Amino acid sequence: MNLPNRLTVLRVLLVPVFLVCFCVDAIPFHYLLSMIFFVAASITDAFDGYLARKHNMVTNFGKFLDPLADKILVMTALACFVEIGLMGIVPFAIIMAREFMVSGLRLVVANSGTVVPAGIWGKLKTAFTMVTIIAALVVLSFTQDFDSFGLSFANVITTVSDIIIQILIWISTVLTIISGGIYLYGYRKHINPAE
């Protein structure tokens, strides 16, 4: 297994670690730790594709697992936000539906020998969603972790941060809709209902 694929597998393995850190309140600074593991997983996302292309190490395994690893990581984090009430079910459902739609589209298009590359809108959506998740984890860490240890930042981080997080979530959702629409339109001939 080459280095890019190992990084992709590492990203998948970091997801349950992130999940445990996020959900188990008994772990000291659990939101801070979950943020660290999410950032670490995101860094592997930045490097695995770059290394694979630069050193001509692109494999079918990487093509399969890399986008899947991204979706598992992001959807797990967003589901955690829904669980604690930080994110509403509507943006979550929209983002999840888009991910299923694009995955299904890739399967259909693959039958014709065509590869659906990540477009600029898809990359923008992914990057912005990652930034949104990290920002939310930073806010949770400062408003929850440190407060529980008597280091209150409540006067510094107020409801303004909650409003900002909600705005970021909805911007991510809009980018998700736009990128999904562009994918559908660009490959519409492959999903023609008349065929």
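A word on the overall build of the chain
In step 1: For the chain, the count of helices and strands is 6 helices and 0 strands.
In step 2: Listing the helices and strands of the chain from first to last along the sequence gives α-α-α-α-α-α.
In step 3: The 195 residues of the chain split such that 38% are buried.
In step 4: Long-range pairs, those at least 24 residues apart, make up 77% of the contacts in the chain with a sequence separation of at least 6.
In step 5: Carbon together with sulfur atoms contributes 72% to the accessible area of the chain, which is approximately 10700 Å² in total.

Topic: helix α2 (residues 30-54)
In step 1: With 25 residues, α2 extends 36 Å between its outermost C-alpha atoms, agreeing within 8% with the 36 Å of an ideal straight helix rising 1.5 Å per residue.
In step 2: Backbone geometry just downstream of α2 places Asn56 in the positive-phi region, at approximately 55 degrees.

So, the confidence of the model for the chain
Low pLDDT marks regions whose predicted coordinates should not be analysed in detail.
In step 1: When pLDDT is averaged along the chain, the result is 85; 86% of the residues meet or exceed 70.
In step 2: In the model of the chain, helix α5 (residues 120-148) stands out as the element of lowest mean pLDDT, 85, in contrast to helix α1 (residues 3-23), which has the highest, 94.

Describing the packing of aromatic side chains
In step 1: If you walk through the whole model with that rule in mind, you get 4 aromatic pairs.
In step 2: An angle of 55 degrees between the planes, with centres 5.8 Å apart, marks the rings of Phe18 and Phe38 as tilted. Of this pair, Phe18 sits in helix α1 while Phe38 sits in helix α2, and the two are 20 residues apart along the sequence.
In step 3: Of the residues examined, Phe38 reaches a relative accessible area of 0% and is grouped as buried.
In step 4: Here the aromatic rings of Phe22 and Tyr31 are separated by 5.0 Å at their centres, their planes lie at 70 degrees, and the arrangement is edge-to-face. By the burial criterion, Phe22 is buried, and Tyr31 matches it.
In step 5: Clustering of aromatic rings is evident, with ring pairs tying together Phe18, Phe22, Tyr31, Phe38 and Phe81.

Focus: the environment of Val90
In step 1: Mapped onto the elements of the fold, Val90 is located in helix α4 (residues 89-110).
In step 2: You can call Val90 partly exposed: its relative accessible area is 48%.
In step 3: Considered as a pair, Val90 and Thr173 are 83 residues apart in the sequence and their alpha carbons are 9.4 Å apart.

Considerations on the nonpolar core
In step 1: Among the nonpolar cores identified, the biggest contains 28 residues, and Phe22, Phe38, Leu78, Phe81, Ile133 and Leu137 are the most heavily contacted of them.
In step 2: No other element matches helix α3 (residues 60-83), which puts 7 residues into this core.
In step 3: Not counting residues up to four positions away in its chain, the partners in contact with Phe22 are His30, Tyr31, Ser34, Cys80, Phe81, Ile84, Leu137 and Leu140.
In step 4: Counting residues in each nonpolar core, the second largest holds 5 residues, with Val102, Leu105, Val109 and Tyr187 among its members.

A short note on α1
In an α-helix, one turn spans 3.6 residues, which is why side chains three or four residues apart end up on the same side.
In step 1: Here α1 is 21 residues long and its end C-alpha atoms lie 31 Å apart, about the 30 Å a rise of 1.5 Å per residue gives.
In step 2: All of the buried residues along α1 are Pro4, Asn5, Leu7, Thr8, Arg11, Leu14, Val15, Phe18, Cys21 and Phe22.
In step 3: If you check the start of α1, you find a side-chain oxygen 3.0 Å away from the backbone N of Asn5, and it comes from Asn2.

Regarding the pattern of salt bridges
In step 1: On inspection of all chains with the given rule, the structure shows 7 salt bridges.
In step 2: Of the charged contacts in the structure, one is a salt bridge between Asp48 and Arg11, with a shortest N-O distance of 2.9 Å. Here Asp48, found in helix α2, pairs with Arg11, found in helix α1; they are 37 residues apart in sequence, far enough to count as distant. Both residues of the pair, Asp48 and Arg11, count as buried.
In step 3: Here Arg11 and Asp70 are joined by a salt bridge, their closest N and O atoms 3.0 Å apart. You can see Arg11 sitting in helix α1 and its partner Asp70 sitting in helix α3, a full 59 residues away along the chain.
In step 4: We classify Asp70 as buried; its relative accessible area is 15%.
In step 5: It is possible to trace a salt-bridge network through shared partners that takes in Arg11, Asp45, Asp48, Asp66 and Asp70.

Rules used throughout
Residues numbered from 1 in each chain as written. Predicted model: local features only at pLDDT ≥ 70, side-chain atom pairs only at ≥ 80, totals over all residues. Heavy atoms only, no water. Helix = DSSP H or I, 4+ residues; strand = E, 2+ residues; numbered from the N terminus. Buried < 20%, exposed > 50% of the residue type's maximum accessible area, 1.4 Å probe, protein only. Contact = heavy atoms within 4.5 Å. Areas by Shrake-Rupley, 256 points an atom, 1.4 Å probe, with all protein chains shown as cover. Expected span 1.5 Å × (residues − 1). pLDDT = per-residue confidence, 0-100. Phe/Tyr/Trp six-rings, centres within 6.5 Å; stacked < 30°, edge-to-face > 60°. Core = buried A, V, L, I, M, F, W, Y, C linked by side-chain atoms within 4.5 Å. Polar contact = N/O pair within 3.5 Å; in protein donor to acceptor, adjacent residues only side chain to side chain. Salt bridge = Lys/Arg side-chain N within 4 Å of Asp/Glu carboxyl O.

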